[in-house]
Amino acid sequence: MCRYQNNEMKASEIRGVFTLTKTGFQQIDNLFGGGLPHGKIVECAGSWSVGKSTLAYQIIGAAQKQNKPCLLLDAERAYTPGYGAALGVDNSRLDILRAKTAEEYLDHIFEWIEGDKEKKIKGHRGGLVIIDAIGALLPREEAEKSSESRSIGLQARIIGSFCRKIVPVLDDNDTALLILNHTFIPLGQMGIASSGGKKLEYARAAWLILSGAYGKPVKRSADGLKTLIPMMLEVKKSKILPNMGTKVYLDLVQ
């Protein structure tokens, strides 16, 4: 028989302060009271090639400097050690997974966080997990079908189940989850949305939209070796601080 631990408590006993990992961008840290919050799902979405992965790699580098273990799910197969190193990533300390199906990627997150004695996988409490990106996750059922077959809603269903399972795991293991996603305009609707379905929308504690800061000039680093692209990050949803609608500007190394 499966038994679940009852964690009933008084509201006053809930820890009011959660762990924060500095991102290397003061503007982003300020959105959450000092850094990327642990125990939460934070989604960063934007159009293709806007710089989401580049931003994530720089956040990994900053987290490693704070001795936080990091896992990158490279579903887009886009990461290269040279580019990562140029953005501050220590490749010898970064765990990276390249798999075939969404189920393999998502199941590995639980193993990496909690560990698996049978597989001799050590747990990584207090770390950072990055999914790059939701849209690249291929459900096993879809992978086994022909190219002309359709699997309507399959990815959203898998992501929905994952979100329901991962939220308590993140909280219990003091782990941060940063999801990269792509934006699109829903047919016949106003505004923008991102992949993953409604359950992801409910589960994410914060939703950030990354876009170019149009009208602001491109800069060079102090040594003149790096190009700094002005970007804008807008808070579209936040359960961390009451700052929905806030826009911040940052210079992203490209």
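Refer to the structure presented above.
This structure is a prediction, so every number in the text was calculated from the model and none was measured.

Rules used in this analysis
Residues numbered from 1 in each chain as written. Predicted model: local features only at pLDDT ≥ 70, side-chain atom pairs only at ≥ 80, totals over all residues. Heavy atoms only, no water. Helix = DSSP H or I, 4+ residues; strand = E, 2+ residues; numbered from the N terminus. Contact = heavy atoms within 4.5 Å. Buried < 20%, exposed > 50% of the residue type's maximum accessible area, 1.4 Å probe, protein only. Axes fitted to C-alpha atoms, helices over the stretch in contact; angles between N-to-C directions. Parallel < 35°, antiparallel > 145°, perpendicular 65-115°, else oblique. Nonpolar A, V, L, I, M, F, W, Y, C, P; charged D, E, K, R; others polar. Polar contact = N/O pair within 3.5 Å; in protein donor to acceptor, adjacent residues only side chain to side chain. 1 Å grid on protein atoms, 1.4 Å probe; cavity = no way out; pocket = protein on both sides within 12 Å on 5 of 7 lines; lining within 4 Å. Points joined across faces, edges and corners; volume = space filled by probe spheres on them. Phe/Tyr/Trp six-rings, centres within 6.5 Å; stacked < 30°, edge-to-face > 60°.

Here we take up the side chain of glutamate 111. Along the chain, glutamate 111 falls in helix H4 (residues 102-114). Apart from residues no more than four positions distant in its own chain, glutamate 111 is found in contact with Asp116, Lys119, Ile121 and Lys122.

Here we take up the environment of lysine 226. For lysine 226, the location among the structural elements is in the loop between strand S10 (219-220) and strand S11 (227-238). Under the relative-accessibility criterion, lysine 226 is labelled partly exposed at 37%. For the pair lysine 226 and alanine 86, spaced 140 residues apart in sequence, the C-alpha to C-alpha distance is 9.6 Å. With sequence-adjacent residues up to four places away left out, lysine 226 is seen in contact with Ala86, Lys219, Arg220, Ser221 and Val253.

Let us now look at the packing of H4 against helix H6 (residues 154-172). Packing of H4 against H6 brings their axes to within 11 Å, and their N-to-C directions diverge by 5°. Taken together, H4 and H6 sit at an angle that is classed as roughly parallel. The residues of H6 that touch H4, namely those facing Glu103, Leu106, Ile109, Phe110, Ile113 and Glu114, are Ile158, Ile159, Phe162, Lys165, Ile166, Val169 and Leu170. Of the residues belonging to the contact of H4 with H6, the class tally is 10 nonpolar, no polar and three charged.

Looking at the element boundaries, arginine 204 is found in the loop between helix H7 (198-203) and strand S9 (206-212). At 3.4 Å, the side chain of arginine 204 and the side chain of serine 194 are in polar contact. Ignoring sequence-local partners within four residues, the contact set of arginine 204 consists of Ile41, Glu43, Ser194, Lys237 and Lys239.

Another aspect to go through is the layout of surface pockets. Reported here for the second largest pocket is a volume of approximately 200 Å³. The wall of the second largest pocket is formed by 13 residues, among which Ser49, Ser53, Thr54, Glu76 and Ala78 lie closest to the centre. The dominant element in the lining of the second largest pocket, judged by the number of residues it contributes, is helix H2 (residues 52-65), at four residues. In terms of residue class, the lining of the second largest pocket is made up of five nonpolar, six polar and two charged.

A separate point is the packing of aromatic side chains. Within this structure, the stated rule accounts for three aromatic pairs. An angle of 80° between the planes, with centres 6.1 Å apart, marks the rings of tyrosine 57 and tyrosine 83 as edge-to-face. Of this pair, tyrosine 57 sits in helix H2 while tyrosine 83 sits in helix H3 (residues 81-86), and the two are 26 residues apart along the sequence. A residue is classified by how much of its surface remains accessible, and tyrosine 57, at 2% relative accessible area, is buried.

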